[in-house]
Amino acid sequence: MPRHGKGPSAAAPEQGGTAAEELAYRLRQQELAAEYGRFALQTHDRATLLQEATRVCALGLQSELCKVLQYLPQEHQFVVCAGVGWRPGIIGQARTGADTESPAGYAFQTGQPVISNHLEGEQRFRTPAILAEHGVKRAINVLIQGDSERFGVLEVDSPTEGRFTEADLAFMQSFANLLGAAIERQRIEEALLESELRLHRTLAHQEVLTQEISHRVKNSLMLVASLLHMQGRMSDSPDLRSALDDAETRVRTIAQLHDRLWRTHEVHTVDLAEFLAELCERLGCSAGPEQSLSQDFVPVIIATDQAVPVALLVNELVTNAFKYAYPGRGGEVRVSVRPAAGGQIRIEVCDRGVGLPRESDGGASTSLGMKLIATLGSQLGGTAEWQDARPGTRYVLNFFPQEAPASQDC
């Protein structure tokens, strides 16, 4: 903020100035108030706001001393939190009473400004020790108040004889109003910042909990898969062993998906191309010596809630193709993911094997695998189709990605 000197052509009434000089004096006060208003809008540090207010108020009233008294509710007194012209050790340390027997206390408690032009003979109030120590002869006090609470008192003190006027009071009150509004704005900004920090901490904690839960789910599912494996090895029934093996594979797939989400900290959305690439790599490793799995993935983002059913669907389709598409020989299974018309995502799993039985359209099969494929496609809200690949079979699913939860980053 510009630092004005005392203009020689501006004189206060007590200085015996002419009407023109007094007019210049008042116009200068208005100029100072306007400049401080702009300064207050641009400044967010409370200590700087208060200190500059005391400097400009002292300048505007041509006084050596000015201070801001902040009310301390726990102590029921004021602390001098900003000021100019005071001896070392006063700012930030000196206390003074906030009761109605002192000028500042009266202004604070009643909300009424106080002008004391003759402190030595003042009968209404006692003279605070700080003023007596600095030889103050007159003072003017106005309340600083925001919308929510009273902050304190703005006070200009002078060690010279003279008088403060109602016009000086208006100047002081304009500063106090600016201060109150600025302090209230800062209070709201600080409350919003604290609320935002609490929200970030809460969200971070929830994300950690989500990852921890996913990790524990993965461990629990791996335990279930191990139990299924043990049960299968103990069974004498080939059909039961096969069913338990299939169940173990599905459970392990879900466990691996949770492990992947936990390790990569993906909470809301997943890059489906990366997600399925890891799954297909594991499926390819489990294929027979003459079987192969190829990929054609275009990066698409889906909600995490959809990632698990998509992965289970692909797992089931690829596993079935490896089992039944090439009886007695090897062959390739191809998986592709790409955007489709209307904002949909298209998943295809294709082989060049023997194809579906003539009497079956894929979805009508009573096998558990086919029922699971139909259920997962329905869960994704997609439109599924089994096609004759001539040769082989092609499964096509078009579905709309869910809208992911809005990001909480700021």
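Look up: the structure comes first, before these words.
Described in the following lines is the structure provided in the data block. (Residues numbered from 1 in each chain as written. Predicted model: local features only at pLDDT ≥ 70, side-chain atom pairs only at ≥ 80, totals over all residues. Heavy atoms only, no water.)

### Regarding the sheet that holds strand β12 (residues 383-388)
Phase 1: The strand order across the open sheet built from five strands is β8-β10-β11-β13-β12, with neighbouring strands paired in mixed fashion. If you trace the sheet from one side to the other, it starts and ends with β8 (291-297) and β12, each paired once. Here the strands of the sheet are splayed against their neighbours by 10° on average, with no regard to which way each runs.
Phase 2: Looking at chain direction, strand β10 (residues 331-339) and strand β11 (residues 345-351) are connected through seven bridges and run antiparallel. For Val337, the partnering residue across the bridge sits in β11 and is Ile347.
Phase 3: Contacting β8, β10 and β11, helix α7 (residues 272-286) runs over the sheet at an angle of about 175° to β8. (Pairing = 2+ DSSP bridges. Helix = DSSP H or I, 4+ residues; strand = E, 2+ residues; numbered from the N terminus. Axes fitted to C-alpha atoms, helices over the stretch in contact; angles between N-to-C directions. Contact = heavy atoms within 4.5 Å.)

### Digging into the packing of helix α2 (residues 46-60) against helix α5 (residues 166-234)
Phase 1: At a minimum axis distance of 11 Å, the contact between α2 and α5 shows a crossing angle of 175°. Taken together, the axis directions place α2 and α5 in an arrangement best described as roughly antiparallel. In contact with Arg46, Leu49, Leu50, Ala53, Val56, Cys57 and Gly60 of α2, α5 contributes Phe171, Met172, Phe175, Leu179, Ala182, Ile183, Gln186 and Glu190.
Phase 2: Looking at side-chain class alone, the contact of α2 with α5 contains eleven nonpolar, two polar and two charged residues. (Parallel < 35°, antiparallel > 145°, perpendicular 65-115°, else oblique. Nonpolar A, V, L, I, M, F, W, Y, C, P; charged D, E, K, R; others polar.)

### Section: the nonpolar core
Phase 1: Counting 40 residues, the largest nonpolar core has Leu272, Leu276 and Val318 as the members making the most contacts within it.
Phase 2: Sort the elements by how many residues they give to this core and helix α8 (residues 304-324) lands first, with eleven residues.
Phase 3: For Leu272, the residues in contact, after removing those within four places along its chain, are Val300, Ile302, Val310, Val337 and Ile345.
Phase 4: Among the nonpolar cores identified, the runner-up in size contains 34 residues, and Ala33, Leu50, Val156 and Phe164 belong to it. (Core = buried A, V, L, I, M, F, W, Y, C linked by side-chain atoms within 4.5 Å. Buried < 20%, exposed > 50% of the residue type's maximum accessible area, 1.4 Å probe, protein only.)

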